[in-house]
Amino acid sequence: MDAQELHTLMLLAVLLGGLLTLSWLSQQVSLRVQGVTFYLTGWGDLAGVIIFLLLLPGVVLHEAAHWLAARALGLRVSKFRIWPRKQGDHLGLGSVSMQRADVWRESLVGMAPLLVGNLAIAWIGWRVFATPALLEALAAGHLWRAAMAFFASLRTADGLLWAYILFTIGNTMLPSSSDREPLKPALLYTALVALIYIGVGLPLEPMRMLLAWMGPFFEVTVGALVFLILLDAFVLMGLWPLERVLRKHRSR
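The rules behind the values
Residues numbered from 1 in each chain as written. Predicted model: local features only at pLDDT ≥ 70, side-chain atom pairs only at ≥ 80, totals over all residues. Heavy atoms only, no water. Phe/Tyr/Trp six-rings, centres within 6.5 Å; stacked < 30°, edge-to-face > 60°. Helix = DSSP H or I, 4+ residues; strand = E, 2+ residues; numbered from the N terminus. Buried < 20%, exposed > 50% of the residue type's maximum accessible area, 1.4 Å probe, protein only. Axes fitted to C-alpha atoms, helices over the stretch in contact; angles between N-to-C directions. Parallel < 35°, antiparallel > 145°, perpendicular 65-115°, else oblique. Left-handed = near helix turned anticlockwise from the far one by under 90°. Contact = heavy atoms within 4.5 Å. Core = buried A, V, L, I, M, F, W, Y, C linked by side-chain atoms within 4.5 Å. Salt bridge = Lys/Arg side-chain N within 4 Å of Asp/Glu carboxyl O. Expected span 1.5 Å × (residues − 1). 1 Å grid on protein atoms, 1.4 Å probe; cavity = no way out; pocket = protein on both sides within 12 Å on 5 of 7 lines; lining within 4 Å. Points joined across faces, edges and corners; volume = space filled by probe spheres on them. Nonpolar A, V, L, I, M, F, W, Y, C, P; charged D, E, K, R; others polar. Patch = residues over 30% accessible without salt bridge, like charges linked within 9 Å, V, L, I, M, F, W, Y side chains within 5 Å. Areas by Shrake-Rupley, 256 points an atom, 1.4 Å probe, with all protein chains shown as cover.

In the structure shown here, the tally under the stated rule is 8 aromatic pairs. Aromatic pair Phe52 and Trp83: ring centres 5.2 Å apart, planes at 65°, arrangement edge-to-face. Taken together, the residues Phe52 in helix α2 (residues 44-54) and Trp83 in strand β1 (residues 77-87) connect sequence positions 31 residues apart. According to the relative accessible area criterion, Phe52 is buried, its value standing at 4%. Ring centres of Phe151 and Phe234 lie 5.6 Å apart, and the angle between their planes is 75°; this geometry places the pair in the edge-to-face category. With Phe151 in helix α6 (residues 143-154) and Phe234 in helix α10 (residues 205-251), this residue pair connects regions lying 83 residues apart in the sequence.

Below, the structure written as structure tokens:
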């Protein structure tokens, strides 16, 4: 394995770790917004509406990605909903109902928002926020320069508007539990095929070519994801103390 292939694999690992971090941050932002709304109004149901309105552009893109993927794969769509609804312990912001199919097509439909969302945030990060420079500063250990690049990006023309769009897409692109359900057997089958492929000694050149081809995309996507994680952390740093102050005030 050469240096370029190792670099691509490291980027892929960072991308997966970043998505897990984003999942936790998204959940925390949602909880903090719900807490602030409740302590301000005393109306718990309003929190779901506020979250929905805050993330509306991303919700529309998420459900549209499901719908388009289902239609492209020849599946019949029976219902398309964009409105918050309580689903057990979770809040569903939208849904697309479609006919059942094999695990491969259902997996593609379930992962469509993540794929489309990654493409969208990668494009915004690269074209608007120059995230490769941010990633380069972080990789070199220049944290102060990276922080300055982050805040400078927000001060550019329409920077806050694009940051909001990035925030809504990034925090709604992750697959829900129902989206992930058909992915488990698909990943198991894929891993089994990969093991057989390697075990019988088939050539690895196609995989190396794929890694080389995906490397630049991974790099741009990781840069955008890092920017999004910093943005979520910045929002969370404002919401957390506000929620605590409102909670103390309400308890008096």
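Back to the text.
Across the interface, helix α3 (residues 56-72) lies against helix α4 (residues 103-127) with an axial gap of 8 Å and an inter-helix angle of 125°. For the element pair α3 / α4, the angle class is oblique. Helix-helix and strand crossings are classified by hand; for α3 and α4 the assignment is right-handed. Between α3, through Leu61, His62, Ala65, His66, Ala69 and Ala70, and α4, the contact on the second element is made entirely by Leu108, Val109, Gly110, Ala112, Pro113, Val116 and Ala120.

So, about unusual backbone geometry. Although it is not a glycine, Ala130 sits at a positive phi angle of roughly 50°. Structurally, Ala130 can be placed in the loop between α4 and α5 (131-139).

Let's shift gears to the nonpolar core. Membership of the largest hydrophobic core comes to 43 residues, with the highest contact counts inside it found for Phe129, Leu166, Leu225 and Phe227. Counting only elements with at least two residues in this core, the list comes to α1 (3-41), α2, α4, α5, α6, α7 (159-170) and α10. Looking at this core element by element, the count peaks at 12 residues for α10. If we ignore the near neighbours within four places in the chain, the residues touching Leu225 are Leu15, Gly18, Leu19, Leu22 and Ile121. Counting 6 residues, the second largest nonpolar core, distinct from the first, contains Ala65, Ala70, Leu75 and Ala112.

So, on to the pattern of salt bridges. If you walk through the whole model with that rule in mind, you get 3 salt bridges. The salt bridge involving Arg100 is made with Glu106; its shortest N-O contact spans 2.8 Å. The buried category is assigned to Glu106, whose relative accessible area is 9%.

So, on to α1. Along its 39 residues, α1 runs 56 Å from first to last C-alpha, staying within 8% of the 57 Å computed at 1.5 Å per residue. Following α1 by one or two positions, Gly42 has its phi on the positive side, about 75°.

Glancing now at the layout of surface pockets. Quantified by volume, the second largest pocket comes out at close to 280 Å³. Elements represented by at least two residues in the lining of the second largest pocket include exactly α1, α5 and α10. Residue contributions to the lining of the second largest pocket peak at 6 residues, all from α10. Residue composition of the lining of the second largest pocket, grouped by class: 12 nonpolar, 2 polar and 2 charged.

Another aspect to go through is a nonpolar patch on the surface. A cluster of nonpolar side chains, namely Trp144, Met148, Phe151 and Phe234, defines an oily patch on the protein surface of about 450 Å² accessible area. Among the elements that line the nonpolar patch, the one with the most residues is α6, at 3 residues. Among the secondary structure elements, Trp144 is positioned in helix α6. Taking the relative accessible area as the measure of exposure, Trp144 reaches 66% and is therefore exposed.

As a further point, take the side chain of Ser26. Looking at where Ser26 falls in the secondary structure, it is placed in helix α1. Given a relative accessible area of 13%, Ser26 falls into the buried group. Not counting residues up to four positions away in its chain, the partners in contact with Ser26 are Asn171 and Asp232.

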